[in-house]
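Observations on chain architecture
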Amino acid sequence: MTDAHVLNLPLPDAPARQRIAEELDTNLLVEAGAGSGKTTALVGRMVALLRSGSATVDQIAAVTFTRKAASELRERFQTSIEEHIRMERGRGAPDALVLDRLVRGLDEIDRSFIGTIHSFCGRLLRERPLEAGLDPGFEELPVEERVLLRQRFWDSYLERLSRDSDPVLEDLSQAGLRPASLAGLFEYLVENPDVDFPADLTDMPSMTALGSVRAELEEIVARGWELMDDLPPAGKEWDSLQKKIRQLHFEHDITGWTEPADLFGAIALLCKPGPRGHAVTLNRWRQKDMAKALRDRVDAFGVGDTPGNTLVNQWYAHRYALAIRLGRHAAAEFAAHRLRVGKLDFQDLLVLAARLLRTDAGVRRQLGDRYQRLLVDEFQDTDPLQAEIMLLLSSPPIEGKGDDAQEDNVTPIEGEPDWRLSVPRPGALFVVGDPKQSIYRFRRADIQLYGFVKERFRDFGEVLTLSTNFRSRPAIGDLVNAVFAEPGFFASEATAEQASFERLETRPPTDPVPCEGVFTYDIAP
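Residues numbered from 1 in each chain as written. Predicted model: local features only at pLDDT ≥ 70, side-chain atom pairs only at ≥ 80, totals over all residues. Heavy atoms only, no water.

Within the protein, the regular secondary structure consists of 18 helices and 10 strands. Its C-alpha atoms give the protein a radius of gyration of 32 Å, clearly above 24 Å, the size a compact globule of 525 residues would have. Dimensions along the principal axes, computed over C-alpha positions, put the protein at roughly 105 × 75 × 40 Å. Carbon and sulfur atoms form 52% of the exposed surface of the protein, whose accessible area is close to 27500 Å². Distance between charge centres in the protein, computed from 64 positive and 84 negative side chains, equals 2 Å. (Helix = DSSP H or I, 4+ residues; strand = E, 2+ residues; numbered from the N terminus. Rg over C-alpha atoms; globule rule 2.2 N^0.38 Å. Areas by Shrake-Rupley, 256 points an atom, 1.4 Å probe, with all protein chains shown as cover. Lys, Arg positive; Asp, Glu negative; His and termini not counted. Charge placed at Lys NZ, Arg CZ, Asp CG, Glu CD.)

Structure representation (structure tokens):
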């Protein structure tokens, strides 16, 4: 342990912690790693809002990532209020106004919102169900019931298409697509309703181009068949190109490649993006020189930018558009079905809440007045739809876009700009995150989104950093800093794909410790 790495009071990030508690009319993004006391800082700001009269308890909404974290945050918020009440009463001359605010906040703590983003969106929709086009008695589907409902709808949807002899089935059949095989696509579109999947319908490749490619393919298969024995060499198997030639020969004998799907499947079998072509094992062919020539011919046919590859890509684009068209139609009908029966999944809550805030100026203004202070924990786990909700709720509608609406009227905001340009009201938004913990990209919580929002905070607020670590000992901090500060681990400056390296600023123990440090064991073989 080196004295230079041991933190003595005051803390090096004390100014940042003070600003969190005192600059209540400034929008803040706080970067805080594990063990930095970020929850304590968040709770401290919530209590400071009550003490100062900047907000009443029912105007505060704290959004966390999990229900467990929300339960812990609620408990710590209540405990902190109680401690401040005791401290205020213990003063010689307590401030009656501050004490009254704290007591009222404790009595009405259940009127505050502390929970997950999905439960928060559910509350927003329940406050304005008619404006959102919902049955006021709508239910939130448990995960297991949501999966079952989706599967049942998909099965009934396909049955209806078949019963009605929908023309789309013929289109899919000609493209070699089985509707039942698109269940995964349907699920993906249902889970990402806010994502646009462009899929303009494209024509099938022309018969003229297809004819010449087919002729070349048939010649390749015939020539390859001539160059192979009936059986592979003893103790060996066919090489990869031989296997493909034999498969194509068999399929041509059975189907004649009369259907477009069969023919394009055959062409695709010899197509590769490149630059590496097909590999052959020469001693498994009858004539090595001719095997090399055949390999080169196959590469010229389907490796890289070739006529074969061009046709296959056009065919894939045609199939993709058909699949997306069916999937989008099914997903839209499923969404309408859930609205009709009043059963919403988690994604519905996000989509409908965002749409409500995006399109209704009156509701957005009222909900903004209702929840004047929005505090968000674990912001690095936020996806684009959740970020949109947070920024829209904390920002006023654009001047002149529905601002003349009556309080109880639904007023669409015509020409509403991109939500990423929204400017929150002073002090309305407080977020805490750690880009080094951004691990939910598969849920669309991309670190690039975090970086974008961080830059926006530099425009309409401030970015602070909590660097002190209360969880680890100095010996651990010294080891971690020495290892990860080495070149090749983390960049010194953050990039669009990677957070920057941050030192682990640890504190020495306050009480005597009999033994601490980093120890190794040498185990004899």
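Two faces belong to every sheet, and in a regular strand the side chains alternate between them. Where burial is concerned, the two faces of strand E6 (residues 373-376) agree: the one with Arg-373 and Leu-375 and the one with Leu-374 and Val-376 are both buried. Sheet topology note: the strand E2 (residues 60-64)/E6 ladder contains 4 bridges and is parallel. Bridge pairing links Val-63 to Val-376 in E6. Where E6 and strand E7 (residues 429-433) come together, 3 bridges link them in parallel fashion. Pairing of Leu-374 across the sheet is with Leu-429, part of E7. (Buried < 20%, exposed > 50% of the residue type's maximum accessible area, 1.4 Å probe, protein only. Pairing = 2+ DSSP bridges.)

Two side chains with opposite charge may pair up if their charged atoms get near one another. Per the stated rule, a full pass over the model turns up 33 salt bridges. Across the pair Arg-51 and Glu-88 runs a salt bridge, and its minimum N-O distance is 3.3 Å. Here Arg-51 is found in helix H2 (residues 38-52), whereas its partner Glu-88 is found in helix H3 (residues 67-90), with 37 residues between them in sequence. Residue classification places Arg-51 among the partly exposed residues on the basis of a relative accessible area of 24%. The shortest N-O distance in the salt bridge between Glu-145 and Lys-343 comes to 3.6 Å. Of this pair, Glu-145 sits in helix H6 (residues 143-163) while Lys-343 sits in strand E5 (residues 343-344), and the two are 198 residues apart along the sequence. With a relative accessible area of 33%, Glu-145 lands in the partly exposed category. Through salt bridges that share partners, Arg-19, Glu-23 and Glu-462 make up one connected network. (Salt bridge = Lys/Arg side-chain N within 4 Å of Asp/Glu carboxyl O.)

An α-helix turns once every 3.6 residues. As a result, residues three or four positions apart point the same way. By the burial criterion, the buried members of helix H18 (residues 474-484) are Pro-474, Ala-475, Gly-477, Asp-478 and Asn-481. With its buried residues spanning 160 degrees around the axis, H18 presents them on a single face. Check the buried side of H18 and you find it contacts strand E10 (505-506). (Arc of directions from axis to C-beta. Contact = heavy atoms within 4.5 Å.)

Here we take up the sheet that holds E7. Overall, parallel pairing links the 6 strands, which are arranged E3-E2-E6-E7-E1-E8 in an open sheet. Each of the sheet's edge strands pairs with one partner strand only, and the pair in question is strand E3 (113-116) and strand E8 (462-466). Between one strand axis and the next, the sheet turns by 15 degrees as a mean value, whatever way the strands run. Its contacts with the sheet put helix H1 (residues 14-22) on strand E1 (28-32), E7 and E8, and the angle it makes with E8 is roughly 125 degrees. (Axes fitted to C-alpha atoms, helices over the stretch in contact; angles between N-to-C directions.)

Turning next to the packing of helix H9 (residues 207-226) against helix H10 (residues 240-255). Viewed as axis vectors pointing N to C, H9 and H10 meet at an angle of 115 degrees, and their least axial separation amounts to 9 Å. Considered as vectors, H9 and H10 are oriented roughly perpendicular to each other. As H9 runs across H10, the sense of the crossing is left-handed. Facing H9, whose interface residues are Arg-214, Leu-217, Glu-218, Ile-220, Val-221, Gly-224 and Trp-225, H10 presents Ile-245, Arg-246, Leu-248, His-249 and His-252. Considering only residue class, the contact of H9 with H10 consists of 6 nonpolar, 3 polar and 3 charged. (Parallel < 35°, antiparallel > 145°, perpendicular 65-115°, else oblique. Left-handed = near helix turned anticlockwise from the far one by under 90°. Nonpolar A, V, L, I, M, F, W, Y, C, P; charged D, E, K, R; others polar.)

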